[in-house]
Amino acid sequence: MIRTDPALVGRFAAYANRTFWRNPAAAFFTLFLPVFFLVLFSVLFGNEPLSIDGRTVSSATFTVAGIITYSVVGACYTNLATAMTFSRETGFLKRIRGTPIPPWTFLTGRIIHAVGVALLLVLVCFIFGVAAYHVTIPTSTLPALIVTLVVGAAAFAALGLAITSIVPNADAAPAVINFTVFPLYFVSNVFIPFSHQPRWLDILTSVLPIKPFNEALKTAIVPPLGSNGFNGGDLLELAVWGVAGAVVAFRYFSWEPHP
């Protein structure tokens, strides 16, 4: 007897979770890399107090926003897209498609797992940041932070499924997927803030999804005085990207290996 759809989603999410933790090396470095970046950038750029809009925060608080951006995009876009490409090319997705199980339950389960890993990375970043660098936890704008994380995670998960349509095979997956996202970290003020970048580059990065997500996180983590932490314009742009990614994934996502 086939279980109900919600139960199948839960089983697929649990399966993805078990697979993740049964590879201790991959799990360790997935959780360690954001902490490593936080330490590295704090060493390079220091952790001096900053006065922003009448508030004093540590510079590491801004670094944490960038690391969280990297963590969510990495878990929900890069890792999800790579895993789906490998599953497609090994024939695993084709076998899933050939069963009476509703295909969307498998994809939803994998997305839930990716979002769960992203939220775990966010928690690790905040715990380490508070313990080591006196990062301020935005308790007053926590609802805005949660909404921003959910919208961002959903958008990048949809884009992760969409990008698999142009990845030709499993060997090319890491290179193609990282090429579409990794350079944007450096030109979108995620890792290194630029105050004088070319106008055309500023416009380009503002249109692409990583910079709006990072800016929305900064607003939620270090809100201007009187702000509730919500950055409506950037959140709307993220939602549009998520819908576009979902449409492309629905139309072009492949369950069979590419010829």
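See the structure printed just above.
These notes cover the structure that comes with them. (Residues numbered from 1 in each chain as written. Predicted model: local features only at pLDDT ≥ 70, side-chain atom pairs only at ≥ 80, totals over all residues. Heavy atoms only, no water.)

Digging into unusual backbone geometry
If you check the backbone angles, N189 has positive phi at about 60° while not being a glycine. Structurally, N189 is set in the loop between α7 (173-187) and α8 (199-207). In this structure N189 comes out as buried when scored by relative accessible area, which is 13%. (Helix = DSSP H or I, 4+ residues; strand = E, 2+ residues; numbered from the N terminus. Buried < 20%, exposed > 50% of the residue type's maximum accessible area, 1.4 Å probe, protein only.)

Topic: the packing of aromatic side chains
Scanning all chains against the criterion turns up 15 aromatic pairs. A ring pair is formed by F253 and W255, whose centres lie 5.3 Å apart and whose planes are at 85°; its orientation type is edge-to-face. The class of F253 is buried, set by a relative accessible area of 13%. Through successive ring pairs, a cluster of aromatic residues spans F28, F29, F32, F36, F37, F41, Y70, F182, Y185 and F186. (Phe/Tyr/Trp six-rings, centres within 6.5 Å; stacked < 30°, edge-to-face > 60°.)

Observations concerning the packing of helix α1 (residues 5-21) against helix α5 (residues 103-133)
Following both chains from N to C, one finds α1 and α5 inclined at 50°, their axes separated by 7 Å at the closest point. Relative to α5, the element α1 lies oblique. In the packing of α1 onto α5, the handedness of the crossing is right-handed. Residues D5, L8, V9, F12, A13, A16, N17, F20 and W21 of α1 touch α5, and the partners they reach there are W104, T105, F106, T108, G109, R110, I112, H113, V117 and L120. Residues belonging to the contact of α1 with α5 are distributed by class as follows: 12 nonpolar, 5 polar and 2 charged. (Axes fitted to C-alpha atoms, helices over the stretch in contact; angles between N-to-C directions. Parallel < 35°, antiparallel > 145°, perpendicular 65-115°, else oblique. Left-handed = near helix turned anticlockwise from the far one by under 90°. Contact = heavy atoms within 4.5 Å. Nonpolar A, V, L, I, M, F, W, Y, C, P; charged D, E, K, R; others polar.)

Brief notes about helix α3 (residues 59-89)
With 31 residues, α3 extends 44 Å from end C-alpha to end C-alpha; this agrees with the ideal 45 Å at 1.5 Å per step. The principal kink in α3, of about 40°, is found at G74. Judged by how many residues are buried, α3 sits mostly within the fold: 26 of 31 residues are covered. At the C-terminal side of α3, G91 shows a positive phi close to 90°. (Expected span 1.5 Å × (residues − 1). Bend = angle between axes of the 7 residues up to and from the residue.)

All we've got here are geometric facts, nothing functional implied.
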